[in-house]
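Okay, here's what each chain looks like letter by letter:
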Amino acid sequence: MAEAHSAVAFSFSITHEGWDVNFDREVLHLVWASGIRSWKKRLARFKNNVRNGVFPAPLQSLWAMMGIVLALRYANNSFIKYTDIILQWLPGTSYIWQIVSCFILSLTFWLILIYIVRYTFKLMLMYKGWMYESRGGHKVSLQTKLWGLGIKLLSSKSKPLLYSYQGSLPKLPLPPVNETMKRYLKSVRPLMNDSEFESMIKLACEFEKGIAVKLQRYLWLKSWWSSNYVSDWWEEYVYLRSRTPLIVNSNFYGTDAIMLHSTPIQAARAAMIIWQCLQYRRLIERQELEPIRVQGLVPLCSWQYERIFNTTRVPGAVSDKIVHYNDSRHIVVYHAGRYFKVIIYSQNRILHPCEIEEQIQSILDNTEKPYTGEEKVAALTAADRTHWANTRTQYFFKGINRQSLDAIEKAAFVVTLDEVPYEYDPENSKKLDEFGRILMTGKGYDRWFDKSFTLCIGSNGRVGFNAEHSWADAPVMGHLWEHFLCGDLVVGYQENGHTKGSPELEPPKPIRLQWNLDPVLEAIEKSYQVSLALVNDIDLRILAFNDYGKGFMKTAKVSPDAFIQMALQLAYYRDAGKFSLTYEASMTRLYREGRTETVRPCTLESSTWVKSMLDPNVDINKRINLLRQACATHQRGYQDAMCGKGIDRHLFCLYVVSKYLEVESPFLNKVLSEPWRLSTSQTPHGQTTQFDLRKFPNCISAGGGFGPVANDGYGVSYIIAGENLVFFHISSKKSSPHTDSNRFAIRIKEALNDMKSLHDDWNRSTKNMSS
């Protein structure tokens, strides 16, 4: 075994003839190479930290400042006194020490100038007026134009690294309680009758005038002291302290570019995707990945990228924790119930795709049987967290189980080679449904749900992923996904479907992980039954809506996202016969360490428009005006959420403070217990500039999805995939008598077609009136 071989790489003994030293040159060379690689990374990280610390100024500006100080020193006698003051503290006054004094003076001036520029840049990034002016046809003000010019001037002198903007990003602002209460009461008005709303107003007033004052004071201190007053509590209490299974309830999935089929060879596609992921990891490590900037100007926080790779969620009895390792030289591959450790570095470089393909093919050709319990051991990561924590402590603390668990948890990521194809057929929607269901749940035991993500490779070469949610949000995985879908086009395959090139070396052979799971079989089976129940209960429908897309939505002069959200409101009302609290995820990454905020699409304006669509007495002009008002209100709510003026994260943090202080708030208890029966999210795309989506329209992914938040609700994820295509991933639970994913998909399609008919009828009536 390789582990045993490493253990005896160096040994010594004392004999009557003296010292007897034994060592393995090959293993010691690997240790030496690993150390060199580690130090190179540290030096590169130090250099990048220095560059980030002075951004947006380039490092070369220091030498320019040095030249200016030297010129003034020898051209202007009055300037000599400043360097003479420094000379008094130096060992001598010779020419060399005069140069040193000039350097110290120039460094001082340079640092002062750097911090002035950085804080000016930070103050400019606090301005959010551009967001409200850049959409919806509003005229851009002179203030915003000058602001945009200033941002360009300050950030154009130096090429940014991935984390260059982090120190300049503003903190998430803490909104006043009274503003949050006004927004909250307005958001719940369409969900309540008059008596219920009056009762809620009373609770809100009592809260605002009472305990809220004290809670807000503590929260203000946290917002002043911490980088982000929400993110650490959100990660801890929403994700890590949750004891419910990760499968369906937390993890999300993403699909392949289904319009393309790069290669039908499983090993080749797996090798290419693995290689692309490793290239992406190297870009992150070197900070060479280009940070995302909204409209090419305003940077988004890149904090979440650090934990894409080498990361796992470790279960705990009360709370889990996220563990990130600085480096990993291997991945773990699961196939046919067996786990293999695959080394992806050799001779100080990442293996080429053709070399990785050899490794993957050797695993596919391996006919060994799984060890007892090995096939379903990952079910432990899918089920109850406390059960997994106790089992891990009892049976995975030492021995070969500990070694194998370490190999998985310390891997860069996990790869699952499925034995079934991932299929897409425009004429058979059930195949795409099954594609998504396989990625969401698998068999309940064939994804390591604790890992940051598991790459899933179908037997026909199509791919997808299953990602753990606590370490980051979906747009970060979406960025990675776009990167290697693009890489498939750029690098390509041979005509026979295999990866290009010939191996330059013999790649390290995959190492079969060893297990002793006889004492754990009962615990594994218990977890499997929990995950199996969730797998069998999920109802997933993927709707490929191709009647029209964002091209038509733009002609309606409304935001495509708002347009779709109004369609979802109409569809849900027709499906349930009532309105429901609706969740739409938006980002707060315009701020440091920002994650998400909730947009509430069910508004007074949207509910009024929905009712007008069901009332035959309402004319077309009024319906169109109501639709535009509803979309404008939604757009404003989305912008407010992105700018730190949301409702739910503020109330959540006030609730956490109340629990710390052990005070009860009837208002907060009611707000935090309200179910989100319609949970929605738009999958972003176009985050990478490596290729033009207009040139390669079929390269875009079909998006991804997640499970329903409420047992009697829907989870809807959608991606506006082009001018004439939108994918909807609709999930619900079969056990609920109130929901049906296929029925809701039909409702969505009906709503979208009715909205197009409304717009077409309005256009015709307008033309008739004008003629």
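Before reading further, recall that the structure is shown in the block above.
Keep in mind the model is a prediction, meaning the values are calculated, not measured. (Residues numbered from 1 in each chain as written. Predicted model: local features only at pLDDT ≥ 70, side-chain atom pairs only at ≥ 80, totals over all residues. Heavy atoms only, no water.)

A. Region of interest: the overall build of the protein. Counting its regular elements, the protein contains 26 helices and 22 strands. Relative to the compact-globule value of 28 Å for 771 residues, the protein shows a C-alpha radius of gyration of 29 Å, a close match. With the principal axes as the frame, the protein shows a C-alpha extent of 105 × 85 × 60 Å. Residues classed as buried in the protein amount to 54% of the 771 residues present. In the protein, the proportion of contacts linking residues at least 24 apart, taken out of those at least 6 apart, comes to 77%. For the protein, the exposed area adds up to about 34900 Å²; of that, 56% sits on carbon and sulfur atoms. Here the protein carries 91 positive and 76 negative side-chain charges, and the mean point of each set is 7 Å from the other. (Helix = DSSP H or I, 4+ residues; strand = E, 2+ residues; numbered from the N terminus. Rg over C-alpha atoms; globule rule 2.2 N^0.38 Å. Buried < 20%, exposed > 50% of the residue type's maximum accessible area, 1.4 Å probe, protein only. Contact = heavy atoms within 4.5 Å. Areas by Shrake-Rupley, 256 points an atom, 1.4 Å probe, with all protein chains shown as cover. Lys, Arg positive; Asp, Glu negative; His and termini not counted. Charge placed at Lys NZ, Arg CZ, Asp CG, Glu CD.)

B. Region of the structure containing the nonpolar core. One finds Tyr305, Ile308, Phe413, Phe453, Leu455 and Phe667 to be the most contacted residues of the largest nonpolar core, which totals 109 residues. One finds Leu543, Met553, Phe563 and Leu627 within the second-largest nonpolar core, a separate group that totals 42 residues. (Core = buried A, V, L, I, M, F, W, Y, C linked by side-chain atoms within 4.5 Å.)

C. How the structure looks around helix α19 (residues 521–537). Between the first and last C-alpha of α19 there are 24 Å, a value that for 17 residues agrees with the 24 Å anticipated at 1.5 Å per step. Of the positions making up α19, those classed as buried are Ala523, Ile524, Ser527, Tyr528, Ser531, Leu534, Val535 and Asp537. Close packing links the buried residues of α19 with α14 (379–382), α15 (385–395), α17 (429–441), β16 (538–545) and β22 (725–733). (Expected span 1.5 Å × (residues − 1).)

D. Broad picture of the pattern of salt bridges. Under the defined criterion, the tally for this structure stands at 37 salt bridges. Across the pair Asp488 and Arg269 runs a salt bridge, and its minimum N-O distance is 2.7 Å. Here Arg269 lies in helix α12 (residues 266–285) and Asp488 lies in helix α18 (residues 474–491), a separation of 219 residues in the sequence. Accessibility classification places Asp488 together with Arg269 in one group, the buried group. Between Arg281 and Glu285 there is a salt bridge, and its shortest N-O distance comes to 3.8 Å. (Salt bridge = Lys/Arg side-chain N within 4 Å of Asp/Glu carboxyl O.)

E. Here's a closer look at unusual backbone geometry. Although it is not a glycine, Lys557 adopts a positive phi angle of roughly 60 degrees. On the secondary structure map, Lys557 appears in the loop between α20 (550–555) and α21 (560–576). Residue Glu662 is not a glycine yet carries a positive backbone phi of 60 degrees. By secondary structure assignment, the location of Glu662 is in the loop between α24 (648–660) and α25 (666–672). Under the relative-accessibility criterion, Glu662 is labelled exposed at 73%.

F. Structural detail: the sheet that holds strand β20 (residues 704–705). Pairing in this open sheet of eight strands is mixed, and the strands run β15-β9-β8-β12-β13-β14-β3-β20 from one edge to the other. Two strands close off the open sheet at either side, each with one partner strand: β15 (511–512) and β20. Examined bridge by bridge, strand β8 (residues 330–335) and strand β12 (residues 414–417) share four bridges and lie parallel to one another. If you follow Val332 over to β12, its bridge partner there is Val414. In the packing of α18 onto the sheet, contacts are made with β3 (252–255), β13 (453–457) and β14 (463–467), and the angle to β14 comes to roughly 160 degrees. (Pairing = 2+ DSSP bridges. Axes fitted to C-alpha atoms, helices over the stretch in contact; angles between N-to-C directions.)

G. Just the pairing of β22, in detail. Across the nine residues that make up β22, a large majority, nine, are buried. Both faces of β22 are covered, namely the face carrying Leu725, Phe727, His729, Ser731 and Lys733 and the face carrying Val726, Phe728, Ile730 and Ser732. Strand direction decides the pairing type here: β16 and β22, joined by eight bridges, are antiparallel. Looking at the pairing, Ile538 lines up with Lys733 of β22. As defined by bridge partners, strand β21 (residues 714–722) adjoins β22 across seven bridges and the pair is classed as antiparallel. Within β22, the residue paired with Tyr718 across the bridge is Phe728. Turn length for the β21-β22 hairpin, with the two strands adjacent in sequence and antiparallel, is two residues.

H. Structural detail: the packing of helix α11 (residues 231–240) against α24. Contact geometry of α11 with α24 gives a least axis separation of 11 Å together with a crossing angle of 75 degrees. With respect to α24, the axis of α11 lies roughly perpendicular. Judged by residue contacts, Trp233, Trp234, Tyr237 and Val238 of α11 engage Arg649, Phe652, Cys653, Val656, Val657 and Tyr660 from α24. (Parallel < 35°, antiparallel > 145°, perpendicular 65-115°, else oblique.)

I. Looking closely at the side chain of Thr603. Relative to the elements of secondary structure, Thr603 occurs in the loop between β18 (596–599) and α22 (604–613). On the accessibility criterion, Thr603 (12% relative accessible area) is buried. Setting aside residues no more than four positions away along its own chain, Thr603 makes contact with Pro190 and Thr633.

J. Focus on the environment of Leu517. Mapped onto the elements of the fold, Leu517 is located in the loop between β15 and α19. Each C-alpha atom of the pair Leu517 and Thr454 lies 23 Å from the other, and the pair is 63 residues apart in sequence. In this structure, Leu517 is in contact with Thr372, Gly373, Glu374, Val377, Phe396, Asn401 and Ile524, ignoring residues within four places of it in sequence.

K. View of helix α4 (residues 80–87). Listed as buried for α4 are Thr83, Ile86 and Leu87. Looking straight down α4, one finds that the buried residues subtend no more than 105 degrees of arc, so they occupy a single side. (Arc of directions from axis to C-beta.)

L. Seen up close, a nonpolar patch on the surface. On the surface, a nonpolar cluster with roughly 690 Å² of combined accessible area is contributed by Tyr218, Trp220, Leu221, Trp224 and Trp225. Position of Leu221 among the secondary structure elements: in helix α10 (residues 211–225). Judged by its relative accessible area of 44%, Leu221 falls in the partly exposed class. (Patch = residues over 30% accessible without salt bridge, like charges linked within 9 Å, V, L, I, M, F, W, Y side chains within 5 Å.)

M. Region of interest: the side chain of Gln565. Here Gln565 shows up in helix α21. Polar contacts involving the side chain of Gln565 include one to the side chain of Tyr718, which spans 2.9 Å. The contact partners of Gln565, leaving out residues within four places of it in the chain, are Glu584, Pro601, His634, Thr680 and Tyr718. (Polar contact = N/O pair within 3.5 Å; in protein donor to acceptor, adjacent residues only side chain to side chain.)

N. Region of interest: the packing of aromatic side chains. Inspection of the entire model under this criterion finds 36 aromatic pairs. For the pair Tyr718 and Phe728, a centre-to-centre distance of 6.1 Å together with 40 degrees between the ring planes defines the contact as tilted. Taken together, the positions of Tyr718 in strand β21 and Phe728 in strand β22 put the pair ten residues apart, joining distant regions of the chain. Each member of the pair, Tyr718 together with Phe728, is buried. Through successive ring pairs, a cluster of aromatic residues spans Tyr334, Tyr339, Trp388, Phe396, Trp448 and Trp515. The ring of Phe197 carries the charged tip of Arg189 above its face, separated from the ring centre by 4.6 Å. Over the aromatic face of Trp234 sits the side chain of Arg649, whose NZ or CZ is 3.7 Å from the ring centroid. (Phe/Tyr/Trp six-rings, centres within 6.5 Å; stacked < 30°, edge-to-face > 60°. Lys NZ or Arg CZ within 6 Å of the ring centre and 35° of its normal.)

O. Focus on the sheet that holds strand β17 (residues 582–587). Strand order across the open sheet formed by six strands is β16-β22-β21-β19-β17-β18, with mixed pairing between neighbours. Only two strands of the sheet have a single partner each, and these edge strands are β16 and β18. Pairwise comparison of adjacent strand axes, ignoring direction, gives a mean angle of 20 degrees for this sheet. Relative to the sheet, α17 contacts β16 and β22, its axis offset from that of β16 by approximately 130 degrees.

P. Just the environment of Ala585, in detail. With respect to the element layout, Ala585 can be found in strand β17. Its relative accessible area of 22% is what places Ala585 among the partly exposed residues. Once residues lying within four places of it in the same chain are set aside, the contact partners of Ala585 are Glu597, Tyr638, Thr680 and Ser681.

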